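Chain residues, written in single-letter form:
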Amino acid sequence: MSCSQKMSSVKAVSELSGAEDLAQFGYGQELRRELGPFASFASGFSFVSILSTIFELFATGYGFGGPLFFWTWPIVFIGQFSTALCFAELAASYPVAGAVYQWSRRLSNDSIGWSAGWFMLLGYIMSVAAIAIAMQSVLPSVWIGFQVLGGDTALGSPTGAANAVILGTVAIVICSLISSLGVRAAATATAIGVYCEIIGLIILLVVLFTHTSRGPSVVLGGGVPSPTFWSFLSSTLMAAYVMYGFDSAAELSEETNDPRRTTPKAIIQCLMVSFFGGALMVMGALMAAPSLTDGNLAKDGVSYVLAAVTGGFAGQVLFAMVAISILSATLAIQNAAARVMFSMARDGALPLSSFLTRVSVRTGTPWVATLVVTVLAIALLWLSYGDPAIFSALCSVTTVTIYFAYLLVTLPMLILRIKGVNPVSGGMEYFYLGRSKGLIINFVAVVIGALLLVNVAWPRLSVFDPGNTHWYLHYFPIIFMVVASVFGLITYKYKNK
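Nothing here was measured: the structure is a model prediction, and the numbers come from that model.

A. The arrangement of the overall build of the protein chain in detail. For the protein chain, the count of helices and strands is 24 helices and zero strands. Against the 2.2 N^0.38 benchmark of 23 Å for 497 residues, the protein chain shows a C-alpha radius of gyration of 22 Å, consistent with a compact globule. Over its C-alpha atoms, taken along the principal directions, the protein chain stretches across nearly 65 × 45 × 45 Å. Looking at the protein chain as a whole, 62% of its 497 residues are labelled buried. Within the protein chain, residue pairs in contact and separated by at least 24 positions form 82% of the contacts whose partners lie at least 6 positions apart.

Given below as structure tokens:
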């Protein structure tokens, strides 16, 4: 069946219930529809989680780009917002769990769709591990007892990297226990995390902008020597790592009431709020930093600034709120990964599919998929135990795999538009970009997305192995994509077995 035939087969949906709407795609209502608009927004906002991810990677961005790395933020946003608009169209047309996987196979074919789902799943699992590591950036500042191993708390140190694995493991286990209580419990926990993140962000911005050492012109260089062009490109890793995951609102489509109307808004809103909040946070940190040249910004990032301008109980409260937002982000990403795995297995697209599709009768959640994601994420953490170089490599590979999966949606979508075929149907009354505007936005999403993918994956010793400890880390993203592709071919061969 051609793409246009598949799309035309979907009936008008304005009068259908969620279960009836889902049935048009050949699926029964196994997961429980208990989520409203705020829960949908919260899932995407928690995934992006500017408070935790900027705390985690500000030092990396500043270390390569100095104050000018601020401008990587709007550059990346233009590409990602274009992608988000395309995804909003698709979310209104195909409100099905496993969003990127489902969209890609409907826009192209089952093989390309499977590849999108495979890399999305890998990226999500690695994201669970990568975001959980961020606990190390804040918890020892709340209470030094969280530095279980003693020694240097910085993520770039051996003791900090090792301790990060311990804290990250605990965070992932806690999220798994919350998920086991059901989607409503997970949504409540995520909402609490979002409230804490928004309140914490507001407090942090007030603190930063009332303790400034210089003006907003710092984003033009601040008297610090300008980075080379190649170093500036390296600094985009922070913005590229932060600004994805907005599609996770669509992963919960089958658990959301009125998803065709709710999910597109959630996708756009969470990225818009994240962009403006993150831009202010980066600017505020640059303005409030006691020094731009003493090396602390490139070592400890926002944690250094916050510790310098606050102190005592107030600082600990802010760090605690960041820790809650990190936990919320870990939970949101874990849930998104489980839905991708469940959606692919439901189509018989993974080995042991009948096992992976099991849904808890008590909670209505895909408990087996959640358990598998938990085990794999923790295993990834322990593979990087004590090696600070693995951290940057893990963040980079996570970004590469997800950006590649995004392209497997936006590129087929663009090809259809160029051919004059409408890539969406059945939801245009809820969100539709139009023919001409959609073509331009889709083109921008593909071009910037491809450039970001190449840039983040480019082998750089200074990014992936600054200590020159392991030759393979220098080419880690490329090696990983090759290995993942080979393993994917094997998995595809034995799917549904």
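B. Looking closely at helix α7 (residues 110-133). Taking 1.5 Å per residue as the helical rise, α7 with its 24 residues ought to reach 34 Å, and the 35 Å between its terminal C-alpha atoms agrees with that figure. With 20 of 24 residues buried, α7 lies mostly within the body of the structure. The opening residue of α7 is asparagine 109, an N-cap whose side-chain oxygen sits 3.1 Å from the backbone nitrogen of serine 111.

C. Region of the structure containing a nonpolar patch on the surface. Taken together, the side chains of Trp471, Tyr472, Tyr475, Ile478, Ile479, Val482, Val483, Val486, Phe487, Ile490 and Tyr494 make up a nonpolar region of the molecular surface, amounting to roughly 1100 Å² of accessible area. Counting residues per element, the ones that place at least two in the nonpolar patch are α23 (471-474) and α24 (476-493). Here the element with the most residues in the nonpolar patch is α24; it accounts for seven residues. As for its placement among the helices and strands, tyrosine 475 is situated in the loop between α23 and α24. Tyrosine 475 sits in the partly exposed class, given a relative accessible area of 37%.

D. Seen up close, the environment of phenylalanine 319. Mapped onto the fold, phenylalanine 319 is located in helix α17 (residues 312-346). Overall, the relative accessible area of 3% leaves phenylalanine 319 in the buried class. Once you skip the residues sitting within four places of it in the chain, phenylalanine 319 turns out to touch Phe55, Ser137, Val138, Ser141, Val142, Ser303 and Leu306.

E. Molecular detail of the pattern of salt bridges. Counted under the stated rule, the structure contains nine salt bridges. A salt bridge links glutamate 254 to arginine 346; the shortest N-O distance between them is 2.7 Å. Here the residue glutamate 254 occupies a position in the loop between α13 (248-251) and α14 (259-288), and arginine 346 occupies one in helix α17, the gap between them amounting to 92 residues. Pair check on accessibility: glutamate 254 and arginine 346 agree, each one buried. In this structure, lysine 299 and aspartate 300 form a salt bridge, with 3.4 Å as the shortest nitrogen-oxygen distance. The exposure class assigned to lysine 299 is partly exposed, which follows from its relative accessible area of 45%. For aspartate 300, a relative accessible area of 26% translates into the label partly exposed.

F. The arrangement of helix α4 (residues 50-65) in detail. Taking 1.5 Å of rise per residue, 16 residues should cover 22 Å, yet α4 covers just 19 Å from first to last C-alpha, more than 12% shy of that figure. At leucine 57, α4 is deflected by roughly 50°, the largest bend along its length. With respect to burial, α4 is a largely interior element, 15 of its 16 residues being buried.

G. Representation of the nonpolar core within the structure. Ranked by size, the top nonpolar core spans 159 residues in total, and within it Ile54, Phe55, Phe58, Trp73 and Trp103 carry the most contacts. Ranked by residue count, the leading element in this core is α7, at 16 residues. Grouped together as the second largest cluster of nonpolar side chains are five residues, Leu35, Ala39, Val183 and Ala187 included.

H. Structural view of the packing of aromatic side chains. Under the definition given, this model contains 27 aromatic pairs. Arranged with centres 5.7 Å apart and planes meeting at 45°, the rings of phenylalanine 246 and tyrosine 406 form a pair that is tilted. Remark: tyrosine 406 occurs in helix α20 (residues 388-418) and phenylalanine 246 occurs in the loop between α12 (236-242) and α13; sequence separation between them is 160 residues. An identical accessibility class is assigned to phenylalanine 246 and tyrosine 406; each is buried. Clustering of aromatic rings is evident, with ring pairs tying together Phe47, Phe87, Trp103, Tyr124, Tyr241, Tyr244, Phe246, Tyr403 and Tyr406. Here the basic side chain of arginine 346 rests over the ring of tyrosine 27, its NZ or CZ set 3.8 Å away from the ring centre.

I. The arrangement of unusual backbone geometry in detail. Of note in the backbone geometry, serine 49 takes a positive phi value of approximately 45° without being a glycine. Relative to the elements of secondary structure, serine 49 occurs in the loop between α3 (37-48) and α4. When its relative accessible area of 0% is taken as the criterion, serine 49 is described as buried. Even without being a glycine, aspartate 258 presents a positive backbone phi close to 50°. Taking the relative accessible area as the measure of exposure, aspartate 258 reaches 38% and is therefore partly exposed.

J. Structural detail: the packing of α3 against α14. Between α3 and α14, the shortest axis-to-axis distance is 8 Å and the interhelical angle comes to 40°. Considering the angle they form, α3 stands oblique to α14. Here α3 runs over α14; the crossing is right-handed. Residues Pro37, Ser40, Phe41, Gly44, Phe45 and Val48 of α3 form the contact with α14, whose own contacting residues are Thr262, Thr263, Ala266, Gln269, Cys270, Val273 and Ser274. Classifying every residue of the contact of α3 with α14 gives seven nonpolar, six polar and no charged.

Conventions we followed
Residues numbered from 1 in each chain as written. Predicted model: local features only at pLDDT ≥ 70, side-chain atom pairs only at ≥ 80, totals over all residues. Heavy atoms only, no water. Helix = DSSP H or I, 4+ residues; strand = E, 2+ residues; numbered from the N terminus. Rg over C-alpha atoms; globule rule 2.2 N^0.38 Å. Buried < 20%, exposed > 50% of the residue type's maximum accessible area, 1.4 Å probe, protein only. Contact = heavy atoms within 4.5 Å. Expected span 1.5 Å × (residues − 1). Polar contact = N/O pair within 3.5 Å; in protein donor to acceptor, adjacent residues only side chain to side chain. Patch = residues over 30% accessible without salt bridge, like charges linked within 9 Å, V, L, I, M, F, W, Y side chains within 5 Å. Areas by Shrake-Rupley, 256 points an atom, 1.4 Å probe, with all protein chains shown as cover. Salt bridge = Lys/Arg side-chain N within 4 Å of Asp/Glu carboxyl O. Bend = angle between axes of the 7 residues up to and from the residue. Core = buried A, V, L, I, M, F, W, Y, C linked by side-chain atoms within 4.5 Å. Phe/Tyr/Trp six-rings, centres within 6.5 Å; stacked < 30°, edge-to-face > 60°. Lys NZ or Arg CZ within 6 Å of the ring centre and 35° of its normal. Axes fitted to C-alpha atoms, helices over the stretch in contact; angles between N-to-C directions. Parallel < 35°, antiparallel > 145°, perpendicular 65-115°, else oblique. Left-handed = near helix turned anticlockwise from the far one by under 90°. Nonpolar A, V, L, I, M, F, W, Y, C, P; charged D, E, K, R; others polar.

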